[in-house]
Amino acid sequence: MTVPLATSVVLDVGRSLREGFFMFWETLWALVLGFGLSGAVQAFVSRQEMQRVMGDHRPKAVTRASFLGMASSSCSYAATAMAKSLFQKGADFLSAMVFMFASTNLVIELGIVLVISMGWQFAAAEFVGGPIMIVLLVLVGAWVVRRSMIEAARERLRGGGAQQPAGHEHYVAAGEGDADLQQLPWSVKLRSKAGWADAASYTMADLTMLRKELVIGYTIAGFLAVLVSNSVWNAVFLHGHGFWTSLENVIVGPFIAFISFVCSIGNVPMAAALWHGGISFGGVISFIFADLIAFPLVVIYRKFYGTRLTLRLFFLFYGVMAAAGLAVEGIFSAARLIPKTRPRMIVATNFHWNYTAILNIIFLIVFAVLYWLYRNRERLGVGQRCAIDPVCGMQVEKANAPAEALYGGVMYFFCSDRCHERFEADPERFAAPEVEPEEMEGEPAAAVDPACGMSVDPSSAAAHRTFDGIDYWFCGAGCAEAFDADPNTYTAKERAH
């Protein structure tokens, strides 16, 4: 019986969306972890610390960047955001790229998935090829990427000088003023509720920026997995031509990664399908390495660093990924370690009670905590230093915001000129609703922190105290603690005024 065309299309769409969802499910926990780490770096780590640890691309700095990347264990999208944060905080550009490579290709969970899906040889090849790729990236990158391009990209991320691209060019200003929190000892920073609320806010900011790319990437990956058969992929690769077969396969592998939109661990099922379809061992490895040049990520690079630098990065990444895949095939062929069998799995399109499900549940709980911290950031002490861009929802440090505007008696801060222009074009659309007078009864419109003299909005103050029948509001927990230690000193100052 022939299935009507309309029914067939609906079934294909449903299967594609299902496939895309389970690709997302495979990498969900890594997304939360990676973006969470990115937020923590932006909130807690000062520019000076980043310059000290990853301030250049000499061997020691590259080694540190590699180990830090391995420890971060991120998917491609989160690793991209994290590398941007490191570079923005003062890290050397190539060291930040090394971090990004290591956090997607030299991580334990990827090795586990490769062992389960394809065999231990592929996991071993990943950890042999990763360092080869990093060495090539640093050596060739120092020649290909010019200092002027790097400085232009840094200025772009700081919100000045560079032309804003279409869409949101999000700017997070942590570190520009080296806020007080970042200068405190780690033992104090990690116990600070305001610090973790700040980190959660930056996490949500990065997710806000990349949410469209994530949705597009997983959706298209699902459609490609369902609608493009293995025989089509197989027809792309040469066979039986010795070295030329290997060379062609490691070149085509990254191209498939570029158009398939699949990131990090999520590309392992497709790699298994390609391996079954006939791609060479080195071609599989270059494809897995090339998750960092999937099309949505290239779009993100352009947003972060500009078109000129992105083009150089794309060809640099493509070349070192292909070269590393070819080198790995040569090494494993000489050692007779290339497997003879080829798996048939693509991706399991149903739920299983396994390590992925357990990790996803754990990190969904972590995400819920981060979201709660983000939603309560003002009463936890973040609101006085930072503001939310009314256009895109990004968190911006007020002192370093690229643009600001006064409307209806309220000051608004923006992550970029682009958002500022959109606000100016239609302020009523983005401005906060006016507060009715009766809602403000019993609480002053503004107050002065008696410890530091800073203007404080009582509705979002970090702390409140009553002394001798008078209410006092504070910009941060530190000022409130100083007041508690000797209130007479500060109330005397208040009376003097």
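Just above, that's the structure.
Quick look at the structure, then. (Residues numbered from 1 in each chain as written. Predicted model: local features only at pLDDT ≥ 70, side-chain atom pairs only at ≥ 80, totals over all residues. Heavy atoms only, no water.)

## Some points on the overall build of the protein chain
Piece 1. Secondary structure summary: the protein chain contains 22 helices and 8 strands in total.
Piece 2. With 497 residues in all, the protein chain has 54% of them scored as buried.
Piece 3. For the protein chain, the exposed area adds up to about 22,500 Å²; of that, 62% sits on carbon and sulfur atoms. (Helix = DSSP H or I, 4+ residues; strand = E, 2+ residues; numbered from the N terminus. Buried < 20%, exposed > 50% of the residue type's maximum accessible area, 1.4 Å probe, protein only. Areas by Shrake-Rupley, 256 points an atom, 1.4 Å probe, with all protein chains shown as cover.)

## Quick look at the pairing of strand E8 (residues 470-474)
Piece 1. When strand E7 (residues 463-467) meets E8, the two strands line up antiparallel, connected through 5 bridges. Opposite Ala463, over in E8, you have Phe474 as the bridge partner.
Piece 2. Here E7 folds back onto E8 in antiparallel fashion, the turn holding 2 residues, of which Asp468 has a positive phi close to 55°. (Pairing = 2+ DSSP bridges.)

## Considering unusual backbone geometry
Piece 1. Notably, Arg336 is not glycine yet its phi reads approximately 55°, a positive angle.
Piece 2. Considering the arrangement of structural elements, one finds Arg336 in the loop between helix H17 (307-334) and helix H18 (355-375).

## Thoughts on the nonpolar core
Piece 1. In terms of nonpolar packing, the biggest core is built from 83 residues, with Phe93, Phe101, Tyr305, Phe317 and Met321 touching the most fellow members.
Piece 2. At 11 residues, H17 tops the list of elements feeding residues into this core.
Piece 3. With residues up to four places along the chain from it excluded, the contact list for Phe317 reads Met97, Met100, Phe101, Leu137, Leu292, Ile293 and Tyr301.
Piece 4. Core analysis: the next-biggest nonpolar cluster, separate from the first, contains 12 residues, Ala447, Ala461, Ala463 and Trp473 among them. (Core = buried A, V, L, I, M, F, W, Y, C linked by side-chain atoms within 4.5 Å. Contact = heavy atoms within 4.5 Å.)

## Some remarks on helix H13 (residues 243-260)
Residues three or four positions apart in an α-helix share a direction because the helix packs 3.6 residues into each turn.
Piece 1. In a regular helix each residue adds 1.5 Å, so 18 residues correspond to 26 Å; H13 covers 26 Å between its end C-alpha atoms and thus fits that length.
Piece 2. Along H13, the residues that are buried comprise Thr245, Ser246, Glu248, Asn249, Val250, Val252, Gly253, Pro254, Ile256, Ala257, Phe258 and Ser260. (Expected span 1.5 Å × (residues − 1).)

## Structural notes on the packing of helix H7 (residues 120-144) against H17
Piece 1. At a minimum axis separation of 8 Å, H7 and H17 run at an interaxial angle of 140°. Relative to H17, the element H7 lies oblique. Considering how the two elements wind past one another, H7 and H17 form a crossing that is right-handed. For the pair formed by H7 and H17, the contact residues are Gln121, Ala124, Ala125, Val128, Gly129, Ile132, Met133, Leu136, Leu137, Val140, Gly141 and Val144 on the first element and Arg312, Leu316, Phe317, Val320, Met321, Ala323, Ala324, Ala327, Val328, Ile331 and Phe332 on the second.
Piece 2. Taken together, the residues that form the contact of H7 with H17 break down as 19 nonpolar, 3 polar and 1 charged. (Axes fitted to C-alpha atoms, helices over the stretch in contact; angles between N-to-C directions. Parallel < 35°, antiparallel > 145°, perpendicular 65-115°, else oblique. Left-handed = near helix turned anticlockwise from the far one by under 90°. Nonpolar A, V, L, I, M, F, W, Y, C, P; charged D, E, K, R; others polar.)

## Things to note about the packing of helix H15 (residues 281-289) against H17
Piece 1. Where H15 contacts H17, the axes come no closer than 8 Å and their chain directions differ by 145°. Judged by the sense of rotation from one axis to the other, the crossing of H15 with H17 is right-handed. Every residue of H17 that contacts H15 at Phe281, Gly282, Gly283, Ile285, Ser286 and Phe289 is listed here: Met321, Ala322, Ala324, Gly325, Val328, Glu329 and Phe332.
Piece 2. Its residues placed into classes, the contact of H15 with H17 shows 8 nonpolar, 4 polar and 1 charged.

## Observations regarding the packing of aromatic side chains
Piece 1. For the structure on display, the rule yields 24 aromatic pairs.
Piece 2. Both rings, one in Phe21 and one in Phe22, keep their centres 5.2 Å apart while their planes meet at 80°; by these two values the pair is edge-to-face.
Piece 3. Relative accessible area serves as the criterion here: at 36%, Phe21 is assigned to the partly exposed category.
Piece 4. Residue classification places Phe22 among the buried positions, given a relative accessible area of 5%. (Phe/Tyr/Trp six-rings, centres within 6.5 Å; stacked < 30°, edge-to-face > 60°.)

This is a description of form; function is not addressed.
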